[in-house]
Amino acid sequence: MNGATHLATGILLSAAITTSPIGIAVGSLAALLPDIDEPNSMLSRKIPIIPYIIGFFGHRQLTHSLLGAFLFSIPIFIWLPEYLIIFITGYLSHLLLDTMTNMGTPWLFPVGRSFSLKLGVSGGWLEGIYIVCLFVIGSLWGQELFSVHIEAIKGWFLELQYFRFLF
Ligand SMILES: [Zn+2]
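What comes next concerns the included structure. (Residues numbered from 1 in each chain as written. Predicted model: local features only at pLDDT ≥ 70, side-chain atom pairs only at ≥ 80, totals over all residues.)

1. Things to note about the environment of I11
The line we're drawing: Numbering goes from the N terminus for both helices and strands, where a helix is a DSSP run of H or I of at least four residues and a strand is a run of E of at least two. We call two residues in contact whenever the C-beta atoms placed from their backbones are within 7 Å.
In this fold, I11 is placed in helix α1 (residues 3-17). If sequence neighbours within four positions are ignored, I11 has contacts with I24 and S28.

2. Focus: helix α2 (residues 21-32)
In plain terms, the rule: Take the number of residues in a helix, subtract one, and multiply by 1.5 Å to get its expected span. Partly exposed residues are those whose C-beta has more than 12 but fewer than 20 other C-beta atoms within 10 Å; 20 or more makes a residue buried and 12 or fewer makes it exposed, with C-beta atoms placed from the backbone.
Over its 12 residues, α2 extends 17 Å from the first C-alpha to the last, a length consistent with the 16 Å expected when each residue adds 1.5 Å. Those residues of α2 that fall on the buried side of the exposure criterion are G23, I24, V26, G27, S28, A30, A31 and L32. Against α1 and α5 (84-100) lie the buried residues of α2.

3. Overview of the nonpolar core
The nonpolar side chains of soluble globular proteins are, as a tendency, buried together. For clarity, the cut-off: Only buried Ala, Val, Leu, Ile, Met, Phe, Trp, Tyr and Cys residues enter a nonpolar core, and they are joined through C-beta atoms within 7 Å.
Counting residues in each nonpolar core, the largest one holds 11 residues, listed as V26, A30, A31, L32, L33, I36, A69, Y83, I86, F87 and Y91. Within the residue set of this core, elements represented by two or more residues are α2 and α5. The element contributing the most residues to this core is α2, with four residues. Core analysis: the next-biggest nonpolar cluster, separate from the first, contains six residues, L12, L13, A15 and L145 among them.

4. Quick word on the environment of H6
As for its placement among the helices and strands, H6 is situated in helix α1. Given 24 C-beta atoms within a 10 Å radius, H6 is considered buried. Sequence spacing of H6 and V148 is 142 residues, and the spatial spacing of their C-alpha atoms is 23 Å. Those residues in contact with H6, other than ones at most four positions away along the chain, are M1, A31, L32, H94 and L97.

5. Thoughts on α1
With 15 residues, α1 should reach 21 Å at 1.5 Å per residue; the first-to-last C-alpha distance of 21 Å fits that figure. For α1, every residue scored as buried is listed here: H6, T9, G10, I11, L12, L13, S14 and A15.

6. Thoughts on the packing of α2 against α5
Where we set the bar: Lines are fitted to the C-alpha atoms to define the axes, a helix being fitted only along its stretch in contact, and any angle between axes, read from their N-to-C directions, falls within 0 to 180 degrees. Roughly parallel covers angles under 35 degrees, roughly antiparallel covers those over 145, roughly perpendicular covers 65 to 115, and oblique covers all other angles. For any helix crossing, the convention is left-handed if the near helix is rotated counterclockwise from the far helix by under a right angle, and right-handed if that rotation is clockwise. Residues were grouped as follows: Ala, Val, Leu, Ile, Met, Phe, Trp, Tyr, Cys and Pro as nonpolar; Asp, Glu, Lys and Arg as charged; and all remaining residues, including Gly, as polar.
α5 packs onto α2 with a crossing angle of 30° between their chain directions and a minimal axis gap of 7 Å. The angle between the axes of α2 and α5 places the two elements in the roughly parallel class. Crossing of α2 against α5: the hand is right-handed. Contacts between α2 and α5 pair G23, V26, G27, S28, A30 and A31 from the former with I86, F87, T89, G90, Y91, S93 and H94 from the latter. Partitioning the contact of α2 with α5 into residue classes produces six nonpolar, seven polar and no charged.

Here it is as structure tokens:
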């Protein structure tokens, strides 16, 4: 699946779980994280050295497994424990989506093979239909999911105006 598809899924899932903007950021980044081993992924293009370090195990291997999810969860557990659930949710959403594609996901790496529902290739019709579903969900519940955040942003602007009045 494309980075944009994973990102959109991460944002919607996170917004359904938490009202915290940091939580949504953590969940959305977690949904992109497994592809950090691919040199062309959304995150790797920002930090090009990482795919060469993690890619040592091969692409779509360690980062696309439960072991990878566990290893990446350790720093979150230590430094951002309140976002652990949302991090794992975002991360596993990536593995589930990739399981639908023909390439599959090696959930049990380093043992076993890749599991795949063989529904199509990345970027194919399956992904197109999925994006349409996300769009429908987003437009039906987006207002509700993000209303708390919209209120928070309105609050910040009101505060800014208040400070402008002070000075
Ligand atoms: Zn992936």
